[in-house]
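Chain by chain, the residues:
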There are 2 protein chains.
Amino acid sequence: MSAVSERRERERAQRHQMIITAARELAEAEGWEAVTTRRLADRVEYSQPVLYSHFNGKDAIVSAVALEGFAELADHLRRAREAADDLGQALRAVCGAYLDFASERPALYQAMFVLPTELRFASDETPAPMRACFEEFVSCFRPENKRRGLFAEVFWSALHGITVLSESGRIPAAYQDERVDFLVSQFADAR
Amino acid sequence: MSAVSERRERERAQRHQMIITAARELAEAEGWEAVTTRRLADRVEYSQPVLYSHFNGKDAIVSAVALEGFAELADHLRRAREAADDLGQALRAVCGAYLDFASERPALYQAMFVLPTELRFASDETPAPMRACFEEFVSCFRPENKRRGLFAEVFWSALHGITVLSESGRIPAAYQDERVDFLVSQFADAR
DNA sequence: AAAACTTGTCTAGCGTTGCTAGAATCCGGT
DNA sequence: ACCGGATTCTAGCAACGCTAGACAAGTTTT
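Residues numbered from 1 in each chain as written. Chains lettered and ligands numbered in written order. Predicted model: local features only at pLDDT ≥ 70, side-chain atom pairs only at ≥ 80, totals over all residues. Heavy atoms only, no water.

Notes on the overall build of chain A
Consideration 1: Counting secondary structure elements, chain A contains 9 helices and 0 strands.
Consideration 2: Scanning chain A from its N terminus toward the C terminus, one meets helices and strands in the order α-α-α-α-α-α-α-α-α.
Consideration 3: Taking the principal axes of the C-alpha coordinates as reference, chain A spans close to 60 × 40 × 25 Å.
Consideration 4: Counting every position in chain A, which comprises 191 residues, the buried fraction comes to 47%.
Consideration 5: Within chain A, residue pairs in contact and separated by at least 24 positions form 63% of the contacts whose partners lie at least 6 positions apart.
Consideration 6: Total accessible area on chain A is roughly 9,500 Å²; 48% of this is exposed by carbon and sulfur atoms.
Consideration 7: Across chain A, the 24 positively charged side chains and the 30 negatively charged ones have centroids separated by 3 Å. (Helix = DSSP H or I, 4+ residues; strand = E, 2+ residues; numbered from the N terminus. Buried < 20%, exposed > 50% of the residue type's maximum accessible area, 1.4 Å probe, protein only. Contact = heavy atoms within 4.5 Å. Areas by Shrake-Rupley, 256 points an atom, 1.4 Å probe, with all protein chains shown as cover. Lys, Arg positive; Asp, Glu negative; His and termini not counted. Charge placed at Lys NZ, Arg CZ, Asp CG, Glu CD.)

Below you can see the structure in the form of structure tokens.
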């Protein structure tokens, strides 16, 4: 492989990342409904069809943004859990970190957990960052607990429910802390 | 008001309902992405613009369908709760009824709890059927429990989380019953 | 060095969407 | 019989995701 084609491949990878970043920034600034292929093409200063030489379609771009989000969320959760002294505090810490993430980056959260996605969850092909996120929840339960996987799923589901219902205005923004306190307290004994 | 204009008003109300019903049927048969204003107009055998003399836009139609759903869900939940012997079984019964509803009418559920809606939740103008749904959850907790409103919100959120994550394939379809059993057991002592 | 081919990018356009302006039509009241 | 107001339709706008085919740039072959 020549030096020229190496450069080209490098440039191509850069552009690939530019598209993802542009999509993410646009979504975080104006919401996903404002992210159109035309506006994306404008931002990366290429014409519309080049997007389709990098991604199969708009959903694939959203999924790529989501994957970035999973890596960041995994990191965020891990830090919170490791800063906790014991398992009891870990659940609460991970919980707080998760809700922080969701409320600070609502568009990113949507790409990960709400919008139609091409990413496969809970399967053999599930990318590492997604596994890592889930494992953070699992780690909040005792290793000897045979059902910790299931418990983690349910706890995560509850957190997700609170997140999306409050984001869409279906439960009041007030009393969010009380809700979370209650949720954690109800799961504390199941660790 | 003449008899003629009375008839016209009656016909108008019928057409109003036809639009809602058509939207609902189309959504339940092919999903909301297949519900377009043109296909709706076709179904009710009028031209597109008449939809806009009944509703402010597509979102308003979705919201009207959702409101029908709330009435049905309230009824469904109430029956389940009243068939239960005590409060302990009530929580589990309402829970089962809720998940039944969600899995049997996924499109209707989406209109109610996922899609952007014009309906106001948890406010003074919240329509009665929506209040009724929420009250069914509240009624699963003891009347003397001062925080039953908050508890109901959290329990409902958890159920919703399980519903949407499993509907979108983000948690496996299997083990759903185990998840629900676990959830109910964790909230049983908080009644 | 010229010709042929491959690769990358762009212009232009298809079919669809939600929504609306303005023409046409219908119908009751005088 | 005609007028006026309400009702409904035709036609069209701007925007969407996506793609075919023209064009240009660069690489390889003769």
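Alright, that's what it looks like, and here's the rest.
Thoughts on the relation of the copies chain B and chain A
Consideration 1: For the match of chain B to chain A, the screw axis carries a shift of 0.0 Å, the RMSD comes to 0.1 Å, and the turn is 180°. This pairing of chains is accounted for by a two-fold axis. (Least-squares fit on C-alpha atoms with pLDDT ≥ 70 in both.)

Things to note about the environment of Ala80(A)
Residue and element names in this part refer to chain A.
Consideration 1: By the secondary structure assignment, Ala 80 is in helix 4 (residues 58-83).
Consideration 2: Each C-alpha atom of the pair Ala 80 and Phe 113 lies 21 Å from the other, and the pair is 33 residues apart in sequence.
Consideration 3: Ignoring anything within four residues of it in the chain, the contact list for Ala 80 reads Ala 93, Val 94 and Ala 97.

Quick notes on the interface of chain B and chain A
Consideration 1: Each side of the interface is counted separately: chain B has 34 residues, and chain A has 34 residues.
Consideration 2: It is Arg170(B), Phe182(B) and Gln186(B) in chain B that bury the most area against chain A; as a group they hold 27% of the surface buried on that side.
Consideration 3: The partner of Glu153(B) in a salt bridge is Arg179(A), with the nearest N and O atoms 2.3 Å apart.
Consideration 4: Of all elements in the fold, only helix 6 (106-113), helix 8 (148-167) and helix 9 (176-188) of chain B reach the threshold of two or more residues within the side of chain B that touches chain A.
Consideration 5: A class-by-class count of the residues in the side of chain B that touches chain A yields 22 nonpolar, 6 polar and 6 charged. (Buried area = accessible area lost by both parts, 1.4 Å probe. Salt bridge = Lys/Arg side-chain N within 4 Å of Asp/Glu carboxyl O. Nonpolar A, V, L, I, M, F, W, Y, C, P; charged D, E, K, R; others polar.)

A closer look at the packing of helix 5 (residues 87-104) of chain A against helix 8 (residues 148-167) of chain A
Residue and element names in this part refer to chain A.
Consideration 1: Direction vectors running N to C along helix 5 and helix 8 enclose 35°, while the axes themselves pass 11 Å from each other. The chirality of how helix 5 crosses helix 8 is right-handed. Packed against helix 5, whose contacting residues are Leu 91, Cys 95, Tyr 98, Leu 99 and Ala 102, the element helix 8 presents Phe 155, Trp 156, Leu 159, His 160 and Thr 163 at the interface.
Consideration 2: Looking at side-chain class alone, the contact of helix 5 with helix 8 contains 8 nonpolar, 2 polar and no charged residues. (Axes fitted to C-alpha atoms, helices over the stretch in contact; angles between N-to-C directions. Left-handed = near helix turned anticlockwise from the far one by under 90°.)

Considering the nonpolar core
Consideration 1: Phe155(A) and Phe155(B) are the most contacted members of the largest nonpolar core, which has 131 residues in total.
Consideration 2: If near-sequence neighbours (up to four positions away) are discounted, Phe155(B) is found in contact with Leu91(B), Cys95(B), Phe137(B), Phe141(B), Leu183(B), Val184(B) and Phe187(B). (Core = buried A, V, L, I, M, F, W, Y, C linked by side-chain atoms within 4.5 Å.)

Here's the deal with the domain arrangement of chain A
Residue and element names in this part refer to chain A.
Consideration 1: Partitioning chain A into domains gives domain 1 (1-54) and domain 2 (60-188).
Consideration 2: Placing a centre on the C-alpha atoms of domain 1 and another on those of domain 2 gives a separation of 29 Å.
Consideration 3: Taken together, the 9 residues of domain 1 in the interface contact 12 residues of domain 2.
Consideration 4: Buried area between domain 1 and domain 2, summed over both chains or domains, comes out near 920 Å², and the portion from carbon and sulfur atoms is 69%.
Consideration 5: Of all residues in domain 1, Ile 20, Arg 24 and Trp 32 bury the most surface against domain 2, accounting for 68% of the area lost on that side.
Consideration 6: Linking domain 1 with domain 2 are 2 salt bridges.
Consideration 7: In this structure, the salt-bridge partner of Arg 24 is Glu 68, at a minimum N-O distance of 3.1 Å. (Domains from an automatic or database assignment.)

Quick notes on the packing of aromatic side chains
Residue and element names in this part refer to chain A.
Consideration 1: Overall, the coordinates contain 26 aromatic pairs over all chains when judged by the stated rule.
Consideration 2: For the ring pair Phe 141 and Phe 151, a centre distance of 5.9 Å and an interplane angle of 75° mean the geometry is edge-to-face. Here Phe 141 is found in the loop between helix 7 (128-138) and helix 8, whereas its partner Phe 151 is found in helix 8, with 10 residues between them in sequence.
Consideration 3: You can call Phe 151 buried: its relative accessible area is 7%. (Phe/Tyr/Trp six-rings, centres within 6.5 Å; stacked < 30°, edge-to-face > 60°.)

Observations concerning the protein's contact with DNA strand C
Consideration 1: Inspection of the region around DNA strand C gives 16 residues, with Ser47(A), Thr36(B), Arg38(B), Gln48(B) and Lys58(B) positioned closest.
Consideration 2: Take Arg15(A): an N or O atom from its side chain is 2.9 Å from a phosphate oxygen of DNA strand C.
Consideration 3: Looking at side-chain class alone, the surface near DNA strand C contains 7 nonpolar, 5 polar and 4 charged residues. (Near = heavy atom within 4 Å. Polar contact = N/O pair within 3.5 Å; in protein donor to acceptor, adjacent residues only side chain to side chain.)

Comments concerning helix 8 of chain B
Residues and elements named next belong to chain B.
Consideration 1: Over its 20 residues, helix 8 runs 28 Å from end to end, which matches the ideal 28 Å to within 8%, given 1.5 Å per residue.
Consideration 2: Taking burial as the measure, the 20 residues of helix 8 include 16 buried ones, the bulk of the element.
Consideration 3: A positive phi of about 75° marks Gly 169, the residue just after helix 8. (Expected span 1.5 Å × (residues − 1).)

Focus: the side chain of Ser157(B)
Consideration 1: Among the structural elements, Ser157(B) can be located in helix 8.
Consideration 2: On the basis of relative accessible area, Ser157(B) is assigned to the buried category, the value being 0%.
Consideration 3: With near-sequence residues (within four places) excluded, Ser157(B) lies in contact with Ser157(A), Ala158(A), Gly161(A), Ile162(A), Leu165(A) and Ile171(A).

Some thoughts on the environment of Arg147(B)
All names here are of chain B.
Consideration 1: Counting through the fold element by element, Arg 147 comes out in the loop between helix 7 (128-138) and helix 8.
Consideration 2: Exposure remark for Arg 147: the relative accessible area of 41% places this residue in the partly exposed category.
Consideration 3: Measuring from C-alpha to C-alpha, the distance between Arg 147 and Arg 43 comes to 47 Å, with 104 residues separating the pair along the chain.

Regarding the packing of helix 4 (residues 58-83) of chain B against helix 6 of chain B
Residue and element names in this part refer to chain B.
Consideration 1: Relative to each other, helix 4 and helix 6 sit at 105°, their axes nearing to 8 Å. With respect to each other, helix 4 and helix 6 are oriented roughly perpendicular. Residues Val 62, Val 65, Ala 66, Gly 69, Phe 70, Glu 72 and Leu 73 of helix 4 lie in contact with helix 6, whose contacting residues are Leu 108, Ala 111, Met 112 and Phe 113.
Consideration 2: Of the residues belonging to the contact of helix 4 with helix 6, the class tally is 9 nonpolar, 1 polar and 1 charged. (Parallel < 35°, antiparallel > 145°, perpendicular 65-115°, else oblique.)

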